[in-house]
Amino acid sequence: MSRSLIFGGARSGKSAYAEQLALRLSAEGSKQVIYLATAAAADSEMQQRIVHHQSRRPADWQTIEQTTALGAAIQEYSQPGTVLLIDCLTVWLSNLLFSENVEFPEVGQITPPALFAEQRSEMLNALEQAKGDVILVSNEVGMGIVPMGAISRWFVDEAGRLNQAVAASCDKVVWVAAGLPLFLKGAPC
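Criteria and cut-off values
- Counting starts from 1 at the beginning of each chain's written sequence and moves along it residue by residue.
- Selection of residues for local features in this predicted model requires a pLDDT of at least 70, selection of side-chain atom pairs for listing and counting requires 80 or more, and totals for whole chains, interfaces and linings are taken over all residues.
- Side-chain measures were taken over the full set of non-hydrogen atoms in the model, leaving aside hydrogen atoms and water.
- Note on ring pairs: Phe, Tyr and Trp rings are taken, using the six-membered ring of Trp, and paired if centres are within 6.5 Å. Classes follow the plane angle, with under 30 degrees stacked, over 60 edge-to-face and the rest tilted.
- Comment: elements are numbered from the N terminus, with helices defined as DSSP H or I runs of at least four residues and strands as E runs of at least two.
- Partly exposed residues are those whose accessible area sits between 20% and 50% of the maximum for their type, while under 20% is buried and over 50% is exposed, using a 1.4 Å probe and protein chains only.
- Geometrically, a charge over a ring is one whose NZ (Lys) or CZ (Arg) sits within 6 Å of the ring centre while staying within 35 degrees of the ring normal.

S.K.: How should I be thinking about the packing of aromatic side chains in this particular structure?
M.R.: Given two aromatic rings, their pairing is described by the distance between the two centres and the angle made by the two planes. On inspection of all chains with the given rule, the structure shows three aromatic pairs. Judged by centre distance (5.1 Å) and plane angle (70°), the ring pair of Phe7 and Trp175 falls under edge-to-face. Remark: Trp175 occurs in strand S6 (residues 172-177) and Phe7 occurs in strand S1 (residues 3-8); sequence separation between them is 168 residues. Judged on exposure class, the residue Phe7 and its partner Trp175 are both buried. Seen from their ring centres, Phe98 and Phe104 are 5.7 Å apart, and the 80° between their planes marks the pair as edge-to-face. A relative accessible area of 45% means that Phe98 is categorised as partly exposed. Assessed through its relative accessible area of 18%, Phe104 is described here as buried. The ring of Tyr35 has Arg57 sitting right over it, with the charged end atom 3.5 Å from the ring centre.

S.K.: Whenever I open this one, unusual backbone geometry confuses me. Can you help?
M.R.: Note: most peptide bonds trans; most residues except glycine with negative phi. At the junction of Asp87 and Cys88, the peptide bond is cis and its omega measures out at 15° in the coordinates. The backbone of Ser30 sits at a positive phi, close to 50°, despite the residue not being glycine. Within the secondary structure layout, Ser30 lies in the loop between helix H1 (14-29) and strand S2 (32-37). Residue Ser30 is classed as exposed on the basis of its relative accessible area of 71%. Not every positive phi belongs to a glycine, and Ala178 is a case in point at roughly 55°. Counting through the fold element by element, Ala178 comes out in the loop between S6 and strand S7 (180-185). Of the residues examined, Ala178 reaches a relative accessible area of 72% and is grouped as exposed.

Right, dumping it as structure tokens:
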């Protein structure tokens, strides 16, 4: 059983790398791949992104759409004989942040919905207890300039904290840039 975090910038090749890893892990042990998709097709641009990701997946992969209750989904679907591919943690984080119809201030303190802390804790606990292989995909959003708006700064900070917490739970951490993997933790996968 392995836990792997694959992260990088937008269009870095991280999802494609994670999918190749899932194929390898499933072939090695005749394991079923379950793809936990966190994105919701809220607009045409996101619909196009989802279709692009779907077109790369083998037909025998099971896809489960879960936009907020990721911990419960990990508990349910991570079993011996499975490879759970979760794409993507930062989309999930955004789903949690905007789960309630709340206007956030441009300046000042951000108070996230109660769902945020609850679901983050549940996901990290479920990851620790996962019974099968788990591959998590996430964006690195903290390498640019500090955003001007309070909600953007909060998101960058929380995405960084989430990536750190997940990396601490994983035995493999891979940074992907320009489609090339850099192994930060664990043996090359």
